[in-house]
Structures are given as structure tokens and as C-alpha cells.
Amino acid sequence: MSYITKPVARHPAMRVNKLGLTPRDYEGAMSTLCAGCGHDSVTAALIQAFFELDVEPHRVAKLSGIGCSSKTPTYFISEAHGFNSVHGRMPSIAAGANAANKDLLYVGISGDGDSLSIGLGQFCHAVRRNVNMLYVLENNGVYGLTKGQFSASADIGTKSKKGEVNQQGPIDAVNVALTMGATFVARSFSGDKAQLIPILKAGLRHKGFAFIDVISPCVTFNDHVGSTKSYAHTRFHVHEVVETDFVPIRTQIEAEYAEGSVRSVKMHDGSTLQLRKVAEDYDPTDRAAVIDYLGKVVRRGEVPTGLLYLAEAGADMHDFSDTVDRPLVDIEYEALCPGSAALDEVQKEWW
Amino acid sequence: MAYDSSYGVNDFAFKVATVNGTGSASANGLLLQALFRMGIPVSGKNVFPSNIQGLPTWYEIRVNGDGYTARSPDFQLVVAMNPQSYARDIAEVVSGGWVLYDDTRPLDPKLKRDDVTFLGVPLAGMCVEHFEKPRTRILMKNITYVGALVALLDIDRDVVKQMLEEKFSAKQHLMDANFKAIDLGYRYAKEHFDCPLPLRLETMDETKDCVMVTGNVAAGLGCVYAGATVGAWYPITPSTSLMDAFTEFCQRFRVDPETGKNNYCIIQAEDELAAAGMVIGASWMGARSFTPTSGPGISLMSEFIGLAYYAEIPSVFFDVQRTGPSTGMPTRTQQGDLMLCAYASHGDTKHIVLFPANPKECFDFAVAAFDLAERFQTPVFVVLDLDIGMNDWMIPRLEWDDAYRPDRGKVLSADDLEKVEKFYRYLDVDGDHIPYRTLPGVHPKGAYFTRGSGHDKFGRYTEGSAEYIEVVDRILKKVESAGDHVPQPEVYGEGATDPDGAASYGLVSIGGCHWAVLEARDELAKRGIEVDYLRIRGFPFNRTVEDFLGAHDQVFVIEQNRDEQLRKLLLMETDCPKEKLVSITYYGGQPLSKGHVLGGLAEHIEILPAGMGGRS
């Protein structure tokens, strides 16, 4: 869809957020992905989430690796700093960036090839390190830019466009994240904005590594009969485990749910998450039980979605390193250099 | 060569052969430091296995009143403490030399030599008799041979005593044990041998303005002084002690006095790839960030290095070179990564590389590396030899100018951005090939997309030929312009860069080769052969290098790798004709010695008396 340019005119009645910005101010360049690509829906949901959270565009750092998914940071928030890095290595760039400047809002966009094959190691270690960022995995089970090879998330028996049948077992990104100790684990579907936006907002507000696996069908290479990552298959097999409402700080909670079915979770910044369990006895804060439950759902051939696991108030990378509260990039040099007198002292020990 | 007792005073090399993991390192460190404190120029080379416990390990010490501290393989004395390596250790003593060994058990008569003197000391026996705990007996055996050497070499006992008091001031029982062990060895030697040997020490006054430190520690401290706040790394011999030092100095100097929290963040990455990514991420944000590694790490980081080069992100890499290829010999020294670092990564790349020759330069170049990285917005490598990184070196005291402020290069502030109409990341505004940079989060106008994919001068994605070429051509000019800003070569010889004034022959070397080359050059001068000498300290090369090569009929390039990497770099990056540059290489894993240089030269020019070919 890159053959048309975006109109510059704005609808006068367009909504404005607290910063006086419209959703248009959170848009990026025109997408060059295929028409109907799930990733563009994720981009749209991200734009909405940033808008609704009144985020200052230039205080966002958006990062990616390589692949179709990794093109998407170009398509939202033009005024944010972007970094399209190398294949599978975005988590390390994000970790280093966050180490240097903890005050920006970090969002990483990756794909199943980027995160589960070439970058599986970095993904796992970013989880372990609990880097404070939103990490969106746009999962379509297939390599797009190299034209249709199976990715590591392809299910056994799934058919490629050419008719080849995948025989190797899939890597379930949600399961990996849970096993590695992720503090925020969700899955959604690019076709379900109503579910995706609150989860993205919650992820952006979570302190630590917020992981969202988004089933995002590839219309060109993996949207046919025999694929388990197609629109049709995903719509039919989605099993929503938890409904999520994101309630910003100082906002009256208005949603009404049957008593006992709602769990409110306070986020790090004071906002609230309301999680409504669809399944009986599902406790999104009990890691072992979540892993167990999701395993059963997956074995039935269903795709469990929602904010599946949440542990607020955990230690993040900076807590592990006990760094100062202000960003390291803001510390003046005078506070960093010990000076000549200290050098003399040190050298007394070298005698 | 036959041992000549006339040069036994403050001019000899000896070697201690022990088993690794038995505590000999602290005994040997004690020895080295004692000689240093006696004011005698001294060097120590730790020749250790890639192993934790049980394998042979050696410590070589050279004392030289004239200040020559390159490795000398001519050992006049060997302290043979390891039966596993007796045969080769005894074989290595020069004729007329001495072997100090543990004669608790008799030495195999087959190992005896007629041309050396054997000094048997019942070290194990005495320690079993005087110490109770098995571990103490093992540890104190090492201190006991130090005691014997104190008597045999006439080491100042007061110096040793003071050092032990300093070291064990808080641990009385250890101090007692150490004193006792020293005394056991000392008394035994005094009672049984004619002490001191002709090989002995006399107090001098040559080290009072010096300190003793490893290159890795000095480099780690340099990173602290440069203002680095983010260090990312993956453990690898021989660079690990660099990050250990940075960590220690940060714990000492970088804890915020008010909150007790850290003004730094050190991340132990999952591998070297991630370490490089973290450095790039942190540098992108505007922090001074670095990673220490060795050759295998640079291989792994290469993709990221190309990204930093093309996206123009300042980043600092320390490569403490070990012997390659592949795993190679991880605890042996080499200069095999010169090409790797100069051109790391696929596609057209070229990097700024600094080559320190001792720990003082490790400190200074660490600071310079950050300034250069930010000034030229590109990766900078500081390439050490293992010998420099891990061994203790006697160096002039480090100096620090409190007026120093980091050169952050061309970074636009929020105020600057307020004034510009529009910011373009890769535009050559000033005509110096260096574009302006912004830091994320500073100002809405500063935002741009950092990418390793094709981009035009405005920072936009491109697949257009002209737009692509314009940017990569500018980057090449930018990096080449750094040649005048990297540490300049050190030139020895009057008129050495002038075709009319230069000697016929020139020497060029790099890094840790320097000390052996200096010694060899002096030796040549004594024989009436004047040669000029240039030591490369930075890459890209500059005019001085070009002039030096141009001014000589023949130039010998002395380096420690098989493939003549420095010679080839010079051929590729200067106008020097191929036949003019003759290679002298040594790449067996030991630090270079005078003999390597003279032996190599002797193959090309008439320099040596008969029988003095290069031995190693």
C-alpha cells in the first residue's frame, strides 16, 4: 500500500488527548507491508494505545530487529526515536539503551523468526533481565521477507503455501516467556483491537518486561487452509482466558462485572488493571498454574489469549544493578570522574 | 650462551615453575614487587595454562639495571617446583646457571646436568614439619622458596617484611605463617649455600616514579576516568580482568554519596553479540559505553560492529588479543587481530584502532578511545596484547589533568534543536564529513530513524545508488580523517621521516613488540648499525607513517602474527611498494624478546657476530 501518500489534512472533529495531540500525531510513515497484513492492525492498535496514554512522542524509543515485523516501528510515532537494528538482536540494544536512559518508554517490535529462531537467546535473556519495555512479537508462523519458509512457531502439520508440511514442534513464545520468569505475559490477535489495545496500554505501564505475543496473520504466505496462523483459523480457535480493562491513574473504575470474577491489579504508576476471568479458577498471578492451564488449552488446539500472567512490583534490570534513580545519561561528568587526587591514591596501591 | 658472571648483578632472568592452583601466583607477585621496591627495573611474565588446577605454570622475572624489561628467554636460574615439568625446566637453564629445586625427594639422576649448579632445598619436608594444615603446607611451600631466593639473590629482607605486613595487616595468623615460611627458606639457603650467588641484586633508585600494574586494570580505570557509565561484557580470557577492574573502581568511585546507588550499570551479557548490542544501545542514548573482549568475541560482534559503523554510533571495544585462530591458545599472547579489528564486519568497513604498548597507554588510550568514538561517531578499538593486558608492568606514574572534559563530538542540545528548522541525521553540514547527532528523548525535532539498512543523507531508507554512495563515501572520508587524531606514531632516529636524513634501514612495530625492538635497536647501535624506528599507535595511518616508510630503503616490520598483518595493513593503506617492507614475525605465544628481532634481522642484513643467531 506504499503507492499512496498520506493526506495531510486533519478532520476538525478528531479527538485530542491531554497533550493536545490527535491519533494522527502518533502515526508514522505509510506502511509498505502487504494489504491486509496483520502487522498493520497491530500498528493501529499501538497508535491508539499511545494516544490514549497521553505519551509524549519524543519520549518513546521504538526498536526492532529484521523482518516484516521489524519494519513496523516506521509506521507509528514519527516523532519517536527509532532503531531498526540487526536480526534477532534488538533485545540487547534495548537493554543497553534502557541501562543508559531509564526514563524513555521503550517498545520493541519483533517477529517469530526474529525472536524465536535467530534471536531466541536474546529474547530469553531480556526476559530474565526484566528490561523495562513493551515487547510485541508479531507472530505469523512464517518468514515473509524471504518468501514463505516455516518459522519456529509453526505448528506440527501446518501446511506452507507450497504444500510442504511442517514436522518440527513449535516454540510457544508465551510458554518460553513464562518459563524464563517474565512478569507480564499476554497473547492477543491482530484482528481483535478491543482486546489488544488495553493489553498494550497495560504493557506500556508495566514496570519490567511486558511481553505480548500477537497472532498476526501473513496474508501473502500463511493465510490459507492448512495454516494454523491464518485469520480464519485464529478467529475460530481463540480461547480468551482473561478479559483486560486498563484504567488510567485517578480514573473512576466504571466497568461492571459480576462480583468475584474481577481482579484489580495496581500498576507501578498507580493505574489499575481489571482482569475478568473467563475461565473458572484461573489465577493470572500463579505462574505454575498458568503454565499448566495454558498447556491444556493449547493441547485442545485452541489459542489462549488475554493478559495471561502478571506480577507487578518485581525488580527490573536497574533494580538488579542498583543504579541511581535518574538516567545515567543525565549524570554530569564531574560526578563520574574521580579526579587526579584519587588517581594518586589508587597508584599508592600499585607500588 | 655461556653464563658470564660479570653481568650477574641486576641483570638476569629467572623462572619459577610451579603447579597452577597452588597459590604460587601470590608468591611470585611478592617476588616481583620486592624487586620493584628495591628500585630495580623489573618485568614479570605469567605463562599460565588455560586451566584451574593441576597443570604446569611458570612465572618469568627479568631484572635489568639498564631498564630493558622485554621478555628474556635466557634463564640463569630456574626454580623447579613441579616434577611434571622438571625435564624441560632444567633443560632451559643457560649453561653456568642454577636450578633451585625441592629435594625432599631425590631428583632423578637422569635430569642432572653438569653445566649447571643444583641447589636442593627440602621445601615440602620443611613445610610438613612446620605447618599443620595440608592447605597451609602447600601454600607455604611457595613462600619458602621465596625465602630461599631472598638469601640466594640478596633480596632486601626489610622490603619483603614490609610487604607481608601490608598484605596481612588484618590477618595475623597468615602474617605469622608467611614470616615463618620466609625464614625457613632463608635460613636453609644461608646454612647450605654460598649466599648470595654471583647472580644477585643491588638496590637501585630507578623505580621511584613508577608503578606496577597490568594493562587491563589500567584500561578499566581509564574507562572510569573517561566517564563511561555502561559496561557490557561476556567473560573471556584474557579480557575478564578489565571488567573486573572497572567494576572494582566503580564500586569505589561511582557510588552516589547521597543515595548509595550506582552511577553506572554493568551488564554481564549472554554472549558477545549481546554485549556489543548493549554498548550500541547505550551509546545511541548518549552514554559512554564499552565492552572488553578478545578475538573470538570480536568475531561474534562483527555484525553489530558494521551496524555501529554504518549507523554512526560511537562505541568502544577493547580486544585483549590471545593466540588464534579459533579457541587457539587462550592464555598465550599474540597480535593476530590487527586485520580483524581494522576491517571488522561485512561490506566496506574501516575502523579507528589504537595500539597501546604498556599499561600507561592502556589508561591514556581508553580515555582517547571514547573521545574519538564520539568525535567521529564510529566504533573505536583499543587492541592490547595479552602480555600487556594480563602481566604486571613497571610504568611511569599515570597522570590526570583535572581540566579534562569529554569530547562529546557534534551533539545537538535541546536548545540547538529549538533553533534548527529541521534536523537531518546524516547531512554533512560543516563539510568535515561528520554529521550532527541527537540523543533520544531530548527534543521532538531530534527524532530520526537509526538503521543499518540503506539510508540517504537525510536518514531516510533508500535503495537508490546515488543516495547510498553519497553516504558511504562520506563515512570513509570521515574515518580516514581520524588518522590525524589517533595517537601519533612514536619515531626514533633523527630525521627518520626525511628522505635525506634517515638511516638506510627502518623498523616498524606495534603494541608489546616495542620493548624488544627498543632493546634490539640499542644493541645494533652498539655494533655500529644505526636503524630508525617507528611504533604504530593508531589506525588509520597518517602522513608520518607514510613519510617514514618513504624515507628508508628497506623497512622491517616486526609483529606477532603469522600472516604479516601489520605489513599488509601498511601495504594496503599507504603508497609504500611491496618489496620495501620485509616482515619479521614471531607468533608462538610468548612475548617478543630481543633475540626474535635480532635473529629475524640477521636473515636479511649482516648484523651479528657468529653464533648469535636469533634464539627464542
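Residues numbered from 1 in each chain as written. Chains lettered and ligands numbered in written order. Predicted model: local features only at pLDDT ≥ 70, side-chain atom pairs only at ≥ 80, totals over all residues.

## Re the overall build of chain B
Stage number 1. Tallying secondary structure elements over chain B gives 19 helices and 22 strands in all.
Stage number 2. The C-alpha radius of gyration computed for chain B amounts to 27 Å, which stays within 12% of the reference 25 Å derived for 616 residues, consistent with globular compactness.
Stage number 3. If one aligns the C-alpha atoms of chain B with their principal axes, the spans along those axes are about 90 × 65 × 40 Å.
Stage number 4. Among the 616 residues that make up chain B, the fraction classed as buried is 56%.
Stage number 5. Residue pairs at least 24 apart in sequence account for 73% of intrachain contacts in chain B once pairs closer than 6 positions are excluded. (Helix = DSSP H or I, 4+ residues; strand = E, 2+ residues; numbered from the N terminus. Rg over C-alpha atoms; globule rule 2.2 N^0.38 Å. Buried ≥ 20, exposed ≤ 12 C-beta atoms within 10 Å, placed from the backbone. Contact = placed C-beta atoms within 7 Å.)

## Points about the overall build of chain A
Stage number 1. A tally of helices and strands in chain A yields 11 helices and 11 strands.
Stage number 2. Taking 2.2 N^0.38 as the reference for a compact globule, 351 residues should give roughly 20 Å; the C-alpha atoms of chain A span a radius of gyration of 21 Å, in line with that estimate.
Stage number 3. Here the C-alpha coordinates of chain A stretch approximately 75 × 50 × 50 Å along the principal axes.
Stage number 4. Buried positions account for 50% of the 351 residues belonging to chain A.
Stage number 5. Intrachain contacts of chain A at a sequence separation of at least 6 include 72% that bridge at least 24 residues.

## Digging into the confidence of the model for chain B
Residues and elements named next belong to chain B.
Stage number 1. Across chain B, pLDDT averages 95, with 97% of residues at or above 70.
Stage number 2. This model gives residues 1–6 a pLDDT under 50, and the stretch forms 10 contacts once residues within four places in sequence are excluded.
Stage number 3. Here the prediction assigns the complex a pTM of 0.96, and the interface score ipTM is 0.95. (pLDDT = per-residue confidence, 0-100.)

## Re the interface of chain B and chain A
Stage number 1. The partner chain A presents 48 residues to the 56 residues of chain B that form the contact.
Stage number 2. Mapped by element, the contributors of at least two residues to the side of chain B that touches chain A are strand S7 (210–214), helix H7 (215–226), strand S8 (230–233), strand S9 (265–268), helix H9 (272–285), helix H10 (295–311) and strand S16 (449–451) of chain B.
Stage number 3. Partitioning the side of chain B that touches chain A into residue classes produces 32 nonpolar, 14 polar and 10 charged. (Nonpolar A, V, L, I, M, F, W, Y, C, P; charged D, E, K, R; others polar.)

## Remarks on the packing of H9(B) against H10(B)
Residues and elements named next belong to chain B.
Stage number 1. Direction vectors running N to C along H9 and H10 enclose 30 degrees, while the axes themselves pass 8 Å from each other. Classed by the angle they form, the pair H9 and H10 counts as roughly parallel. The handedness of the crossing between H9 and H10 is right-handed. Across the interface between the two elements, Glu272, Leu273, Ala276, Gly277 and Ile280 of H9 pack against Gly297, Leu300, Met301, Phe304, Ile305, Leu307 and Ala308 of H10. (Axes fitted to C-alpha atoms, helices over the stretch in contact; angles between N-to-C directions. Parallel < 35°, antiparallel > 145°, perpendicular 65-115°, else oblique. Left-handed = near helix turned anticlockwise from the far one by under 90°.)

## A look at unusual backbone geometry
Stage number 1. Here Cys195(B) and Pro196(B) are connected by a cis peptide whose omega angle stands at -10 degrees.
Stage number 2. Mapping Pro196(B) onto the fold places it in the loop between helix H6 (172–192) and S7.
Stage number 3. One non-glycine residue, Asp54(A), adopts positive backbone phi at about 55 degrees.
Stage number 4. If you trace the backbone, Asp54(A) turns up in the loop between helix H1 (38–52) and strand S1 (60–64).

## Details of the pairing of strand S21 (residues 554–559) of chain B
Consecutive side chains along a regular strand alternate between the two faces of the sheet.
Residues and elements named next belong to chain B.
Stage number 1. Most of S21 sits inside the fold, with five of its six residues counted as buried.
Stage number 2. Relative to S21, strand S18 (residues 505–510) runs parallel, the two sharing five bridges. Counterpart to Gly506 in the pairing with S21 is Val555.
Stage number 3. Judged from the five bridges that link them, S21 and strand S22 (residues 581–585) form a sheet pairing that is parallel. Paired with Val557 across the strands is Ser583, a residue of S22. (Pairing = 2+ DSSP bridges.)

## Focus on the sheet that holds S16(B)
Stage number 1. Across the sheet, nine strands lie side by side as S7(A)-S11(A)-S5(A)-S6(A)-S4(A)-S3(A)-S1(A)-S2(A)-S16(B); this open sheet has mixed pairing. Since the sheet does not close on itself, it has two edges, and those belong to strand S7 (238–240) of chain A together with S16 of chain B, each with one partner. Shown here is a sheet whose adjacent strand axes are inclined to one another by a mean of 20 degrees, direction ignored.
Stage number 2. Bridge count between strand S2 (residues 81–84) of chain A and S16(B): three bridges; the pairing is parallel. Within S16(B), the residue paired with Asn84(A) across the bridge is Arg451(B).
Stage number 3. Set on the sheet, helix H9 (residues 287–299) of chain A makes contact with S7 and strand S11 (303–310) of chain A; between it and S11(A) the angle comes to about 175 degrees.

## Topic: the nonpolar core
One broad rule of soluble globular proteins: the nonpolar side chains tend to lie buried together.
Stage number 1. Counting residues in each nonpolar core, the largest one holds 284 residues, and the members touching the most others are Phe211(A), Leu100(B), Leu354(B) and Ala369(B).
Stage number 2. Ignoring sequence-local partners within four residues, the contact set of Leu354(B) consists of Phe365(B), Ala368(B), Ala369(B), Val380(B), Phe381(B), Val382(B), Val383(B), Val486(B), Pro487(B), Arg537(B) and Gly538(B).
Stage number 3. Within the second largest apolar cluster, six residues are counted, among which are Val142(A), Ala154(A), Cys218(A) and Phe221(A). (Core = buried A, V, L, I, M, F, W, Y, C linked by C-beta atoms within 7 Å.)

## As for the sheet that holds S21(B)
All names here are of chain B.
Stage number 1. Taken in spatial order, the five strands of this open sheet run S17-S19-S18-S21-S22, and their pairing is mixed. Only two strands of the sheet have a single partner each, and these edge strands are strand S17 (490–492) and S22. Neighbour-to-neighbour, the strand axes of this sheet turn through a mean angle of 20 degrees, independent of strand direction.
Stage number 2. Packing of helix H16 (residues 514–526) onto the sheet brings it into contact with S17, S18, strand S19 (532–536) and S21, and relative to S18 it is tilted by some 160 degrees.

## Topic: the packing of H7(B) against helix H8 (residues 240–253) of chain B
Residues and elements named next belong to chain B.
Stage number 1. Orientation of H7 relative to H8, taken along the N-to-C sense of each, is 45 degrees, at an axis distance of 7 Å. Looking at the two axes, H7 sits oblique to H8. H7 and H8 meet at a crossing whose hand is right-handed. Facing Asn216, Val217, Ala219, Gly220, Leu221, Cys223 and Val224 of H7, the residues of H8 in contact are Ser241, Leu242, Met243, Ala245, Phe246, Phe249, Cys250 and Phe253.
Stage number 2. Here the contact of H7 with H8 is built from residues that sort into 12 nonpolar, three polar and no charged.

## Describing the domain arrangement of chain B
Residues and elements named next belong to chain B.
Stage number 1. Looking at chain B, the domain boundaries give domain 1 (5–192), domain 2 (213–396), domain 3 (414–483) and domain 4 (490–602).
Stage number 2. Using C-alpha coordinates to define each centre, domain 1 is positioned 36 Å away from domain 4.
Stage number 3. Between domain 1 and domain 4, the contact holds seven residues from the first and nine residues from the second.
Stage number 4. Tallied by class, the residues present in the side of domain 1 that touches domain 4 amount to three nonpolar, two polar and two charged. (Domains from an automatic or database assignment.)

## Description of the environment of Pro406(B)
Stage number 1. Topologically, Pro406(B) is positioned in the loop between strand S15 (392–396) and helix H14 (414–419).
Stage number 2. For Pro406(B), a count of 18 C-beta atoms within 10 Å corresponds to the partly exposed category.
Stage number 3. Sequence spacing of Pro406(B) and Glu374(B) is 32 residues, and the spatial spacing of their C-alpha atoms is 9.0 Å.
Stage number 4. Not counting the four nearest positions on each side in its chain, Pro406(B) is found in contact with Tyr333(A), Ala226(B), Gly227(B), Phe370(B) and Asp371(B).

## Observations concerning the environment of Ala35(A)
Stage number 1. Structurally, Ala35(A) is set in the segment before H1.
Stage number 2. Sequence separation of Ala35(A) and Cys218(A) is 183 residues, and the distance between their C-alpha atoms is 10.0 Å.

## Quick look at the pairing of strand S11 (residues 315–323) of chain B
Residues and elements named next belong to chain B.
Stage number 1. Taking burial as the measure, the nine residues of S11 include nine buried ones, the bulk of the element.
Stage number 2. Across four bridges, the pairing between strand S10 (residues 289–293) and S11 is parallel. Its bridge partner lying in S11, Thr293 is registered against Asp319.
Stage number 3. In this region the chain leaves S10, passes through H10 and returns to the parallel neighbour S11; the handedness of that crossover is right-handed.
Stage number 4. Pairing between S11 and strand S14 (residues 379–385): seven bridges, direction parallel. Directly across from Val316, in S14, lies its bridge partner Val380.
Stage number 5. Here S11 hands over to strand S12 (residues 329–333) after five residues, with Ser326 in that stretch at a positive phi of 55 degrees. (Right-handed = clockwise from strand over helix to strand, strands pointing away.)

## Topic: the environment of Gln162(B)
Stage number 1. Here Gln162(B) is to be found in helix H5 (residues 157–167).
Stage number 2. It is 9.5 Å that separates the C-alpha atoms of Gln162(B) and Ala34(B), two residues lying 128 residues apart in sequence.

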